Amino acid sequence: MHLEKTNMTEDRAVEILNWKYEKPYDLYNNEISTEEIDEMLGNPHFVVVDQDAEIVGYYCTGKSAQVPAGNKINAYENENIDIGVGMKPNLTGKGFGTRFFSFISKDIERMHPNTPMRLTVATFNKRAIRLYQKFGFVEQKKFQTDAAEFITMVKKATEI
């Protein structure tokens, strides 16, 4: 599968916000609203497409990738590039995660050389945690929200 990064557009944001995940991953479902669309257009969000220009997933960086409740325990105090990822629901659990996340992490390392990466993931999402561990991410901090328990995971900077 060939992957390519493209810019977020309003149509792509609406398509992504319409994705519906099955339980327990439904925590990642979104509501379509002007605020959510503006968030995806106004902050660093990128779309990952395949060779047919079909959306495979997306990723974001910065505050958009953080879970606000983590600020209460200073989960985001160190200088890292925060990343958030989302894969199209019908592609999850089918072995595409390694290729997808490899593409994203390499792109982020190119854009932010010598900067440690951090992501936040719900602790029930064992598939994602295993994937991130394969890429060298280690658990750093744990915190609770009304919806779920989360951990931050950090990967040291890679020399490029």
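Residues numbered from 1 in each chain as written. Predicted model: local features only at pLDDT ≥ 70, side-chain atom pairs only at ≥ 80, totals over all residues. Heavy atoms only, no water.

Peer 1: Before we go on, may I ask you to explain the confidence of the model for the protein in this structure?
Peer 2: The predicted structure's coordinates, where accompanied by low pLDDT, should not be read in detail. Counting all residues, the mean pLDDT for the protein is 93, and 98% of those residues have values of 70 or more. Model confidence for the protein, summarised as mean pLDDT per element, is weakest for helix 2 (residues 34-42) at 92 and strongest for strand 5 (residues 117-122) at 97. (pLDDT = per-residue confidence, 0-100. Helix = DSSP H or I, 4+ residues; strand = E, 2+ residues; numbered from the N terminus.)

Peer 1: What exactly am I supposed to notice about the side chain of His 45 here?
Peer 2: Among the secondary structure elements, His 45 is positioned in strand 2 (residues 45-49). Overall, His 45 belongs to the buried group, its relative accessible area being 8%. Residues within four places of His 45 in sequence aside, it is in contact with Met 8, Glu 39, Met 40, Tyr 58, Tyr 59, Cys 60 and Ser 64. (Buried < 20%, exposed > 50% of the residue type's maximum accessible area, 1.4 Å probe, protein only. Contact = heavy atoms within 4.5 Å.)

Peer 1: Quick question: what am I supposed to make of the packing of aromatic side chains here?
Peer 2: The geometry of an aromatic ring pair is captured by the separation of the ring centres together with the interplanar angle, meaning the angle of the planes. Counted according to the given criterion, the structure contains 10 aromatic pairs. The interplanar angle of 75 degrees and the centroid separation of 6.5 Å between the aromatic rings of Tyr 21 and Tyr 28 together place this pair among those described as edge-to-face. Of the residues examined, Tyr 21 reaches a relative accessible area of 15% and is grouped as buried. Here a set of aromatic residues connected by ring pairs shows up, and it is made of Tyr 21, Tyr 25, Tyr 28 and Phe 124. Positioned above the aromatic ring of Phe 46 is the side chain of Lys 5, whose terminal nitrogen or guanidinium carbon lies 4.5 Å from the ring centre. (Phe/Tyr/Trp six-rings, centres within 6.5 Å; stacked < 30°, edge-to-face > 60°. Lys NZ or Arg CZ within 6 Å of the ring centre and 35° of its normal.)

Peer 1: Even after reading the chapter, I still don't get the sheet that holds strand 5, so can you show me in this structure?
Peer 2: In any sheet, the strands associate via hydrogen bonds between backbone groups, in a parallel or an antiparallel arrangement. With respect to topology, 7 strands assemble into an open sheet ordered 1-2-3-4-5-7-6, the strand pairing being mixed. Only two strands of the sheet have a single partner each, and these edge strands are strand 1 (4-7) and strand 6 (138-144). Each neighbouring strand pair of the sheet contributes to a mean axis angle of 30 degrees, computed without reference to strand direction. Taken together, the 5 bridges between strand 2 and strand 3 (residues 55-61) define a ladder with antiparallel strand orientation. Paired with Val 49 across the two strands is Ile 55, which belongs to strand 3. Taken strand by strand, helix 4 (residues 126-134) contacts strand 4 (81-87), strand 5 and strand 7 (149-155), and its axis lies near 160 degrees from that of strand 5. (Pairing = 2+ DSSP bridges. Axes fitted to C-alpha atoms, helices over the stretch in contact; angles between N-to-C directions.)

Peer 1: Even after reading the chapter, I still don't get unusual backbone geometry, so can you show me in this structure?
Peer 2: Most peptide bonds are trans, and most residues other than glycine sit at a negative phi. Cis peptide bonds are those with omega within 30 degrees of zero, and the linkage from Lys 23 to Pro 24 qualifies with 0 degrees. Assignment of secondary structure puts Pro 24 in the loop between helix 1 (10-17) and helix 2. Within the chain, Asn 74 stands out as a residue other than glycine whose phi angle is a positive 60 degrees. Locating Asn 74 in the fold gives a position in the loop between strand 3 and strand 4.

Peer 1: Just to check I follow, could you spell out the nonpolar core for this structure?
Peer 2: Across soluble globular proteins, nonpolar side chains have a tendency to be buried as a group. Grouped together as the largest cluster of nonpolar side chains are 25 residues, with contacts concentrated most on Val 48, Phe 101, Leu 119, Val 121, Tyr 132, Phe 137 and Met 153. Of all the elements in the fold, those that place two or more residues in this core are strand 2, strand 3, strand 4, helix 3 (97-111), strand 5, helix 4 and strand 7. Sequence-distant contacts of Phe 101, defined by excluding residues within four places in its chain, comprise Ile 83, Val 85, Leu 119, Leu 131, Tyr 132, Phe 135 and Phe 137. Membership of the second largest hydrophobic core comes to 13 residues, among which are Trp 19, Met 40, Ile 55 and Tyr 58. (Core = buried A, V, L, I, M, F, W, Y, C linked by side-chain atoms within 4.5 Å.)

Peer 1: Before we go on, may I ask you to explain the packing of helix 3 against helix 4 in this structure?
Peer 2: Pairs of packed helices are described in terms of their axes, by the angle between the two and the distance that separates them. In the contact formed by helix 3 and helix 4, the axes pass within 10 Å of each other and the chain directions differ by 55 degrees. Taken together, the axes of helix 3 and helix 4 lie oblique to each other. For the pair helix 3 and helix 4, the sense of crossing is right-handed. Residue-level inspection shows Gly 97, Thr 98 and Phe 101 of helix 3 in contact with helix 4, the latter providing Leu 131, Tyr 132 and Lys 134. When grouped by side-chain class, the residues that make up the contact of helix 3 with helix 4 number 3 nonpolar, 2 polar and 1 charged. (Parallel < 35°, antiparallel > 145°, perpendicular 65-115°, else oblique. Left-handed = near helix turned anticlockwise from the far one by under 90°. Nonpolar A, V, L, I, M, F, W, Y, C, P; charged D, E, K, R; others polar.)

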